[in-house]
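# Commentary on secondary and tertiary structure
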Amino acid sequence: MLRGGVGPPTRRPPRRLHPSLRSLATRPVTPGGRRPPTWDRCRAPARAVPPGYRAAPGRPPRRGDPMSEHEVVEEHEKGREAFESEEAYRLHCLRHSTAHVMAQAVMRLFPDASLAIGPAIEDGFYYDIDLPRTVGPEDLEAIEREMKRIVKENQRFEHERWDRETARAFFAERGQAFKLELIDGIPDDEVSIYRNRAKDGSEFVDLCRGPHVMRTGQCKHFKLLRVSGAYWRGDAKNKQLQRIYGTVWPTRKELDAYLYRLEEAKKRDHRRLGQQLELFMFHEYAPGSAFWLPAGEHIYNLLSQRMRTLLAAEGYHVVKTPMVFDKKLWETSGHWQHYKDDMFWFPEDHDAEDGEEGRILALKPMNCPSHMLIFGAQRRSYRELPYRIHDQGALHRNELSGALSGLTRVRQFRQDDAHIFCAEDQVGDEVARLIDLLDRVYGAFGLGYRVVFSTRPEERLGDDALWDKAEAALEKALQDSGLDYKLAPGDGAFYGPKIDIYLVDALERAHQCATIQADFQLPRRFGLSYVGADNQPHVPVVLHRAIYGSFERFIAILIEHYAGRFPVWLAPEAVRVMTVSEKSLEHGRKVTEALRAAGIRVHFDDSDAKIGYKIKMCHERKVPYMAIIGEKELAAGTVSVRSRDEGDLGSMTVEAFVARVAEEAKPRL
RNA sequence: GCCGGGGUAGCUCAGCUGGUAGAGCAGCUGAUUCGUAAUCAGCAGGUCAGGGGUUCAAGUCCCCUCCUCGGCUCCA
């Protein structure tokens, strides 16, 4: 999500991952790195055809005519096309099927439950259910036990087609109001139904597009993870349901690997490491706003400085703009109309009588309007274009209290924000330069990335000719870059097409950070123009762009990506010098000074603790290098070096050590 | 904002069905001068998130507020 775009972010919780990237995070990370053979145990139904039934009109649903083998195969081939790989398709079937198994189990335990939807999602599945009471962890265990029984029974997933009235009657009789709503939303005359028959003669019948695996026995390696609230159709005005999340994998090994990955992610959680490493803190007096402690501020500031330097070299003008603006600015940009609830604002005159019209001021949630003012403050020539403005000013957004989370969802943050004012025919070049730039930036951190190109949405501003031009320019730049990218038709902003970049971290999780958005609307709203070579006024195109995105979020990703083990060039503390005993204090001091003189961030642990204890403390801080100084080193004028990642490196001369660390401390960016 | 977990010493956590708060680490003081992931002893540290209520008695039960965590359109 572009935290600096002009789009009117609606007041709703964030979508976590772009749908077109769903498969990205589903890749299992096995400790050995190799993927186990899986698919022999998860057979999708196309090869072996499950019995299907078609209900004849007017007949009771159970007595349908069997769906022909050909039809079933055809259907599954069709379903498969929507997936990028056989693997993705089979996982989808497995996950969706396990959602059914869970629903079946829930219905056994809570006969009054009412089922909403239960899709397959990244890494698992969920089912939204209206339950008579709230369920807790003990209930999840009970549901799991029931699911295991169903798996053991190895029930078939029988596919049937019913006419809609039969289906309506069936679900109405069972009080399944959500299913009725879903049926009413289906345009076809027939609806698709899946049926599971239990050994005891009971049945589980669900409205479902499918496809499914053949039998419940395939859904063996699952685990229910958590339960939370979710609104029917995602709308806070609707009834809130209980959403039960689970995960499922074709093999035990993959399930274990996934659970291991969850554990690993928990260990790397930036909130936990942020406290452990004293990078930042929060206080209830400033919900959603981080306090950057010295170690964290070091990283923040380093990223900030490197980006300024980089962008200055790219021809950007670095500016600083006001924090508080008259609400008129936000009316001009359109934020006030769409986004007022997410802004912090207040009357200029606090003593104004009730009803008295005073000036309203607002903290900026985005930088773009003030950049529009800068561009518009002078008469601009085409010779000045592309005119690039970079601004790292603090932004404030009044996020929903329930949406706040660590550094990733905050109320105050800064971006490596910039706006590029250019002529229409310069868009392609600028985008190409940006792609080159972000490739360099992400490369410096060892982060991979994926690119998604989003084109015109149904509801949009501007004429189609302009959209044609913009989309063509962006796409050409993408093609020229040689990058793989995915197309997301209709996912663009209402004011222009965009390119979103998803970072892939060490745990193969995707995070949206960078974005490049073309905007044809904002310059018009601000009445901007430049004088062209033809001596006529032209409206510039604006590119909204960010590479880190917000510093807060990017640092959170870095913390988790590195698991707190920052490389020397980023680490707040590069070396800790420690003495074995007081006898070597003097030499320790000298070594510390030598490192400091070389510009290395070093701390001298001259306490009287034992060396083993000092090493342990240092490990907990994840300092990359330890220089151990004892009487041997004192006599030889050396240091004994221990690396965080490689262990004891033996002794070397002070000069060699300083040179080694200095080399690693050079900014990679 | 909504649903559901949490909030006990700086940190991690214990405290059963109500009977007046505890451990480890960190801190301080002292001893110890030690060779690659925890030296010993002593001391100090809490309005049990905040407020209200029930009770002879509340960390524990009830209500309100704040903060925090998991979620809240990956659409049969």
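Structure first, text after, so check above.
Fair warning: this is a prediction, and the values are worked out from it, not measured in the lab.

Basis of the calculations
Residues numbered from 1 in each chain as written. Chains lettered and ligands numbered in written order. Predicted model: local features only at pLDDT ≥ 70, side-chain atom pairs only at ≥ 80, totals over all residues. Heavy atoms only, no water. Pairing = 2+ DSSP bridges. Helix = DSSP H or I, 4+ residues; strand = E, 2+ residues; numbered from the N terminus. Axes fitted to C-alpha atoms, helices over the stretch in contact; angles between N-to-C directions. Contact = heavy atoms within 4.5 Å. Buried < 20%, exposed > 50% of the residue type's maximum accessible area, 1.4 Å probe, protein only. Near = heavy atom within 4 Å. Polar contact = N/O pair within 3.5 Å; in protein donor to acceptor, adjacent residues only side chain to side chain. Nonpolar A, V, L, I, M, F, W, Y, C, P; charged D, E, K, R; others polar. 1 Å grid on protein atoms, 1.4 Å probe; cavity = no way out; pocket = protein on both sides within 12 Å on 5 of 7 lines; lining within 4 Å. Points joined across faces, edges and corners; volume = space filled by probe spheres on them. Parallel < 35°, antiparallel > 145°, perpendicular 65-115°, else oblique. Left-handed = near helix turned anticlockwise from the far one by under 90°. Phe/Tyr/Trp six-rings, centres within 6.5 Å; stacked < 30°, edge-to-face > 60°. Lys NZ or Arg CZ within 6 Å of the ring centre and 35° of its normal.

## Details of the sheet that holds strand β32 (residues 647-653)
Spatially, β29-β28-β30-β31-β32 is the arrangement adopted by the 5 strands of the open sheet, whose pairing is mixed. Edge positions in the sheet fall to β29 (602-605) and β32, since each has one partner strand and no second. Direction aside, the axes of adjacent strands within the sheet are offset by 25° on average. Note that strand β30 (residues 625-629) and strand β31 (residues 638-643) share 4 bridges and pair antiparallel. Looking at the pairing, Tyr625 lines up with Ser643 of β31. Running at roughly 120° to β32, helix α19 (residues 654-665) makes contact with β28 (575-579), β30, β31 and β32 of the sheet.

## Let's talk about the sheet that holds strand β14 (residues 324-326)
Sheet architecture is open: 3 strands sit in the order β14-β16-β15, paired in antiparallel fashion. Edge positions in the sheet fall to β14 and β15 (345-347), since each has one partner strand and no second. Each strand axis lies, on average, 30° off the axis of its neighbour in the sheet, ignoring direction. In terms of strand pairing, β14 meets strand β16 (residues 360-363) through 3 bridges, oriented antiparallel.

## Some details on the pairing of β31
Summarising burial for β31: 5 of the 6 residues are buried, a large majority. As paired elements, β31 and β32 share 6 bridges and run antiparallel to each other. The residue of β32 that forms the bridge with Thr638 is Thr653. If you look at the hairpin formed by β31 and β32, you'll find 3 residues sitting between the two strands.

## So, the protein's contact with RNA strand B
Every one of the 57 residues lining RNA strand B counts as a neighbour, but Leu207, Ser401, Glu582, Asp608 and Ser640 are closest to it. Backbone atoms, meaning sugar and phosphate, make up 53% of the atoms of RNA strand B lying within 4 Å of the protein. At 3.3 Å from a sugar or linking oxygen of RNA strand B is found a side-chain nitrogen or oxygen belonging to Glu284. A per-element tally of the surface near RNA strand B places helix α17 (residues 611-620) first, with 6 residues. Considering only residue class, the surface near RNA strand B consists of 21 nonpolar, 17 polar and 19 charged.

## What about empty space enclosed by the protein?
Counted according to the given criterion, the structure contains 1 cavity of 30 Å³ or more. Every residue along the wall of the largest cavity is listed here: Glu314, Tyr316, Arg388, Ile420, Glu430, Arg433, Leu434 and Leu437. The greatest single-element share of the lining of the largest cavity, amounting to 4 residues, is contributed by helix α12 (residues 427-444). Counted by class, the lining of the largest cavity contains 4 nonpolar, no polar and 4 charged residues.

## Re unusual backbone geometry
Cis peptide bonds are those with omega within 30 degrees of zero, and the linkage from Leu385 to Pro386 qualifies with -10°. Note on placement: Pro386 falls in the loop between β17 (380-381) and β18 (387-391). Even without being glycine, Asp123 reaches a positive phi, approximately 70°. For Asp123, the position within the fold is in the loop between β4 (120-121) and β5 (124-130). Despite not being glycine, Arg233 shows a phi value in the positive range, around 60°. Mapped onto the elements, Arg233 comes out in the loop between β9 (221-231) and β10 (240-249).

## Brief notes about the packing of helix α8 (residues 294-313) against helix α15 (residues 551-562)
Where α8 meets α15, the closest approach of the two axes is 11 Å, and the angle between their N-to-C directions is 115°. On the basis of the axis angle, α8 is roughly perpendicular to α15. Here α8 and α15 pass one another in a crossing that is right-handed. Residues Ile299, Tyr300, Leu303 and Ser304 of α8 form the contact with α15, whose own contacting residues are Phe551, Glu552, Phe554, Ile555 and Leu558.

## Here's the deal with the packing of aromatic side chains
Per the counting criterion, the structure on display carries 24 aromatic pairs. When the centroid spacing of 5.1 Å and the interplanar angle of 85° are considered together, the rings of Phe170 and Phe171 count as edge-to-face. Three or more aromatic residues joined by ring pairs make a cluster, and in this case those are Phe280, Phe282, Trp292, Tyr300, Tyr442, Phe445, Tyr449, Tyr548, Phe551, Phe554 and Trp569. The aromatic ring of Phe170 is capped on one face by Arg174, whose charged end is 3.7 Å from the ring centroid.

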